[in-house]
Amino acid sequence: MGKTIKNVVITLLFLTLSISTAFLAYLHFIASDDGELSGEWITELDMTEQAAVTALSWLQEIEAVSVSYEEIESYMQGLTIQVDLTFEQTTRTEGTFRCNVMPESYDACNRAAYEAFAAAFQELLAERLRMADYTGGTDKEALESLTAETFGMSTVSYLMSYGPKLLPSLEDLQSVYDGGGTYEVAEGILTRRFDAGETVTAKAEYYIRKDSNLILTEEIDSVSSGLFSEHYPVMYTLKQPQN
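Residues numbered from 1 in each chain as written. Predicted model: local features only at pLDDT ≥ 70, side-chain atom pairs only at ≥ 80, totals over all residues. Heavy atoms only, no water.

### So, the sheet that holds strand 8 (residues 234-238)
Spatially, the 8 strands close up into a barrel ordered 1-2-3-4-5-6-7-8, and their pairing is antiparallel. Between one strand axis and the next, the sheet turns by 30 degrees as a mean value, whatever way the strands run. Pairing of strand 7 (residues 213-219) with strand 8 involves 4 bridges; the strand directions are antiparallel. Among the inter-strand pairings, Ile215 is bridged to a residue of strand 8, identified as Met235. Helix 7 (residues 170-177) contacts strand 1 (39-46), strand 2 (80-89), strand 3 (94-101), strand 4 (179-186), strand 5 (189-196), strand 6 (199-210) and strand 8 of the sheet and is inclined by roughly 170 degrees relative to strand 3. (Pairing = 2+ DSSP bridges. Helix = DSSP H or I, 4+ residues; strand = E, 2+ residues; numbered from the N terminus. Axes fitted to C-alpha atoms, helices over the stretch in contact; angles between N-to-C directions. Contact = heavy atoms within 4.5 Å.)

### Here we look at the packing of helix 4 (residues 103-131) against helix 6 (residues 155-162)
Look at helix 4 against helix 6: their axes get within 9 Å of each other, and the N-to-C directions meet at 110 degrees. Here helix 6 runs roughly perpendicular to helix 4, going by the angle between their axes. On the side of helix 4, the interface is formed by Asn110, Arg111, Tyr114, Glu115, Phe117, Ala118, Phe121 and Gln122, while helix 6 contributes Thr155, Val156, Leu159 and Met160. Looking at the contact of helix 4 with helix 6, its residues break down into 7 nonpolar, 3 polar and 2 charged. (Parallel < 35°, antiparallel > 145°, perpendicular 65-115°, else oblique. Nonpolar A, V, L, I, M, F, W, Y, C, P; charged D, E, K, R; others polar.)

### Quick notes on the pairing of strand 7
Pairing between strand 6 and strand 7: 5 bridges, direction antiparallel. Note on strand 7: the bridge partner recorded for Lys210 is Asn213. Following strand 6, the chain reverses through 2 residues before pairing antiparallel with strand 7; Asp211 in that reversal takes a positive phi of roughly 55 degrees.

### Details of the packing of aromatic side chains
Considering all chains together, one arrives at 6 aromatic pairs under this definition. Seen from their ring centres, Trp58 and Phe121 are 6.2 Å apart, and the 45 degrees between their planes marks the pair as tilted. With Trp58 in helix 2 (residues 48-61) and Phe121 in helix 4, the pair connects residues that are 63 residues apart, well separated along the chain. Between the aromatic rings of Phe87 and Tyr183, the centroid separation amounts to 4.8 Å while the plane-to-plane angle is 75 degrees, which identifies the pairing as edge-to-face. Placement of the pair is Phe87 in strand 2 and Tyr183 in strand 4, with a sequence separation of 96 residues. Per residue, the accessibility class of Phe87 equals that of Tyr183, and both read buried. (Phe/Tyr/Trp six-rings, centres within 6.5 Å; stacked < 30°, edge-to-face > 60°. Buried < 20%, exposed > 50% of the residue type's maximum accessible area, 1.4 Å probe, protein only.)

### Considerations on the nonpolar core
Counting residues in hydrophobic clusters, the biggest one holds 51 residues, and the most contacted among them are Ile72, Met76, Phe87, Phe117, Tyr177 and Tyr236. In terms of residue count, the dominant contributor to this core is helix 4 (10 residues). Here Ile72 is in contact with Ala52, Ala55, Leu56, Leu59, Val67 and Ala120, once residues within four sequence places are set aside. (Core = buried A, V, L, I, M, F, W, Y, C linked by side-chain atoms within 4.5 Å.)

### Notes on the environment of Asn100
Tracing the backbone shows Asn100 in strand 3. Leave out the neighbours within four places in its chain, and Asn100 touches Gln82, Val83, Asp84 and Asp178.

### Considerations on the pattern of salt bridges
Taken as a whole and assessed by the stated rule, the structure comprises 4 salt bridges. For Glu205, the salt bridge goes to Arg192, with nearest N and O atoms at 2.9 Å. Of this pair, Glu205 sits in strand 6 while Arg192 sits in strand 5, and the two are 13 residues apart along the sequence. (Salt bridge = Lys/Arg side-chain N within 4 Å of Asp/Glu carboxyl O.)

### Quick word on a negative patch on the surface
Taken together, the side chains of Glu70, Glu71, Glu123 and Glu127 present a region of like negative charge at the surface. Sorting the residues of the negative patch by element identifies helix 3 (69-75) and helix 4 as the ones contributing at least two each. Along the polypeptide, Glu123 turns up in helix 4. Take Glu123: its relative accessible area is 44%, and that puts it in the partly exposed class. (Patch = residues over 30% accessible without salt bridge, like charges linked within 9 Å, V, L, I, M, F, W, Y side chains within 5 Å. Areas by Shrake-Rupley, 256 points an atom, 1.4 Å probe, with all protein chains shown as cover. Lys, Arg positive; Asp, Glu negative; His and termini not counted. Charge placed at Lys NZ, Arg CZ, Asp CG, Glu CD.)

### Comments concerning the packing of helix 4 against helix 5 (residues 140-151)
Axis separation between helix 4 and helix 5 bottoms out at 11 Å; the angle between their running directions is 85 degrees. Relative to helix 5, the element helix 4 is oriented roughly perpendicular. Contact residues: Gln122, Leu125, Ala126 and Leu129 in helix 4; Lys140, Leu143, Glu144 and Leu146 in helix 5. Here the contact of helix 4 with helix 5 is built from residues that sort into 5 nonpolar, 1 polar and 2 charged.

Structural data, given as structure tokens:
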């Protein structure tokens, strides 16, 4: 069980790194050396793999009917959380910044993840009931009624209360991405100094600016936060001003 999940995760990470490496190699030869970062940049953190792997692990632990990662993933599409990164340039190579995980985007993603999980869970529940020669209805409405009668709540509420935590907590994500302070750019390296009262911490990353895209790659000489074991490329898109 655990080995199966581990193999799935390793395969997904290998494919992600291969695609990211090829993309960065391509950008390396076409990207402009542009230190101008002023503006509001937006990225969306893809939570699909995180949610699908966590849901699969939980279903296997409770010995539900056999299900594959691909089946669970098919229900969980478009699970993203928005992160805003704003730069205000004060000199040619320096300025201030502010980065925020958007709480409303996190809440919407979390809700969508559990709604997708509920749909998959109901499908598996229906299959298990049929295997047990259950004579009642197994359509969505019947299963919702059965869940409400058994647990006193909807399937989504039940999974949110007693199921797995499909996403990292908002606080954990904020600890990685949120903050503000000053920045400087030099020779393809973006250094951000996060000002948290009396404490200042620095994060140095390779960056590539190409037109309306900004790619931040691996951190330099940094210690993992514990939330993510690796730092993968994150691409921000410059938000266009409203007319």
